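# Examining the three-dimensional arrangement
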Amino acid sequence: MTDVRITHIGGPTTLIEVEGWRLLTDPTFDPPGRRYSFGWGSASTKVVGPAEPAADLPPVDAVLLTHDHHADNLDDAGRALLPGVGAVVTTVAGARRLGGSAVGLSPWSVHSLAKPGLPTLEITATPCRHGPPLSRPITGEVTGFALRWPGQQHGALWISGDTVLYSGVREVASRVNVGTMLLHLGAVQFNVTGPLRYTMSGPEGVELCELLRPHTVIPVHYEGWSHFTQGRDTIEKAFAAAPPDVRDSLTWLTLGAPKTLAV
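Report on the accompanying structure.

## Quick notes on the overall build of the protein
Looking only at helices and strands, one finds eight helices and 15 strands in the protein. Computed over its C-alpha atoms, the radius of gyration of the protein comes to 17 Å, within 12% of the 18 Å expected for a compact globule of 263 residues. Considering only C-alpha atoms, the protein reaches an extent of 50 × 45 × 35 Å along its principal axes. Expressed as a percentage of its 263 residues, the buried residues of the protein come to 57%. Looking at the protein alone, contacts between residues at least 24 apart form 62% of all its contacts between residues at least 6 apart. Of the roughly 10400 Å² that the protein leaves accessible, carbon and sulfur atoms contribute 52%. Within the protein, the 24 negative side-chain charges are centred at a point lying 4 Å from the centre of the 20 positive side-chain charges.

## Some words on the environment of Ile16
For Ile16, the location among the structural elements is in strand 2 (residues 13-18). Overall, Ile16 belongs to the buried group, its relative accessible area being 0%. Ile16 sits 222 residues away from Ala238 along the chain, and the two C-alpha atoms are 26 Å apart. Filtering out sequence-adjacent residues up to four positions away, Ile16 remains in contact with Val4, Arg5, Ile6, Trp21, Arg22, Leu23, Thr25, Leu157, Ile159 and Leu182.

## Some thoughts on the sheet that holds strand 1 (residues 3-10)
Read across the sheet, seven strands follow the order 8-7-6-3-2-1-15 without closing on themselves; strand pairing throughout is mixed. Only two strands of the sheet have a single neighbouring strand rather than two, namely strand 8 (103-105) and strand 15 (259-262). Between one strand axis and the next, the sheet turns through 25 degrees on average, direction left out of account. Bridge analysis of strand 1 against strand 15 gives four bridges, and the strand direction is antiparallel. Residue pairing in the sheet places Asp3 in a bridge with Ala262 of strand 15.

## As for the nonpolar core
Among the nonpolar cores identified, the biggest contains 28 residues, and Trp158, Met181, Leu183, Leu208 and Phe239 are the most heavily contacted of them. The leading source of residues in this core is helix 6 (residues 202-212), at four residues. When neighbours within four sequence positions are excluded, Phe239 is seen to be in contact with Leu183, Val206, Cys209, Val217, Val246, Arg247, Ser249 and Leu250. Judged by nonpolar contacts, the second largest core, of 26 residues, contains Val4, Leu113, Ile159 and Val220.

## A look at helix 6
Along helix 6, the residues that are buried comprise Gly202, Gly205, Val206, Leu208, Cys209 and Leu212. With its buried residues spanning 165 degrees around the axis, helix 6 presents them on a single face. The positive-phi residue at the C-terminal boundary of helix 6 is Arg213, with phi of around 50 degrees.

Each value, and the rule that gives it
Residues numbered from 1 in each chain as written. Predicted model: local features only at pLDDT ≥ 70, side-chain atom pairs only at ≥ 80, totals over all residues. Heavy atoms only, no water. Helix = DSSP H or I, 4+ residues; strand = E, 2+ residues; numbered from the N terminus. Rg over C-alpha atoms; globule rule 2.2 N^0.38 Å. Buried < 20%, exposed > 50% of the residue type's maximum accessible area, 1.4 Å probe, protein only. Contact = heavy atoms within 4.5 Å. Areas by Shrake-Rupley, 256 points an atom, 1.4 Å probe, with all protein chains shown as cover. Lys, Arg positive; Asp, Glu negative; His and termini not counted. Charge placed at Lys NZ, Arg CZ, Asp CG, Glu CD. Pairing = 2+ DSSP bridges. Axes fitted to C-alpha atoms, helices over the stretch in contact; angles between N-to-C directions. Core = buried A, V, L, I, M, F, W, Y, C linked by side-chain atoms within 4.5 Å. Arc of directions from axis to C-beta.

Rendered as structure tokens:
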């Protein structure tokens with residue numbers, strides 16, 4: 001059995017420390033108050049800043065970037081970090097835009113991180129759709145990541161990425177034994193597109209967990225921006241009505257406070 005230490009810095013940004021590796025997800029370190037355009041008339045304001053500044057981060061071995069083209073997943077301060085990290089793993093389209101040594105993964109492709117003296121980390125890209133049917137040409141490519149390494153007791157660590165609940169995400173249940181998941185929620189909506197949603201709601205997160213049956217579920221990316229329509233209270237209500245094992249899997253992280261979990 002191995003342990004992982006996870007620090008939720010804010011939004012989708014977490015620092016994952018395991019077996020000597022330091023991984024950073026979706027780096028967002030800009031201060032609050034700015035309004036960002038997401039294209040096609042959509043925009044959002046950042047209302048909460050990071051729990052710790054980028055300057056206080058330890059050296060990072062790799063950034064796991066679900067997508068590079070929305071500022072709530074990669075902002076200016078986060079982008080400035082990328083040249084100084086060991087590796088950037090993202091979507092195929094994102095790797096083309098970022099250039100350099102960025103690695104682009106298509107759904108279900110695998111990339112391994114290796115370093116002398118450390119266990120090899122296997123990264124599998126998982127499907128995402130960041131909006132309703134037929135929206136991918138507008139919302140762009142997004143990916144999730146399933147992380148495996150020797151000694152996991154409960155299963156892979158899965159980062160869902162920004163996605164709605166659809167067949168591609170459900171496929172994870174049949175292809176990955178998920179033990180710990182960082183679940184992107186928040187039920188994103190924009191005035192310009194009315195009732196259409198671009199990430200999962202609390203009840204949809206529960207539905208997915210009923211398929212996966214993970215040991216630990218950590219909600220992320222449900223707060224800190226004006227385009228979220230569901231926060232912690234809605235998520236807690238949805239999980240309270242779930243089957244006992246799903247209900248008990250829900251784990252909240254205090255922003256900026258590292259938490260060690262058995263994986």
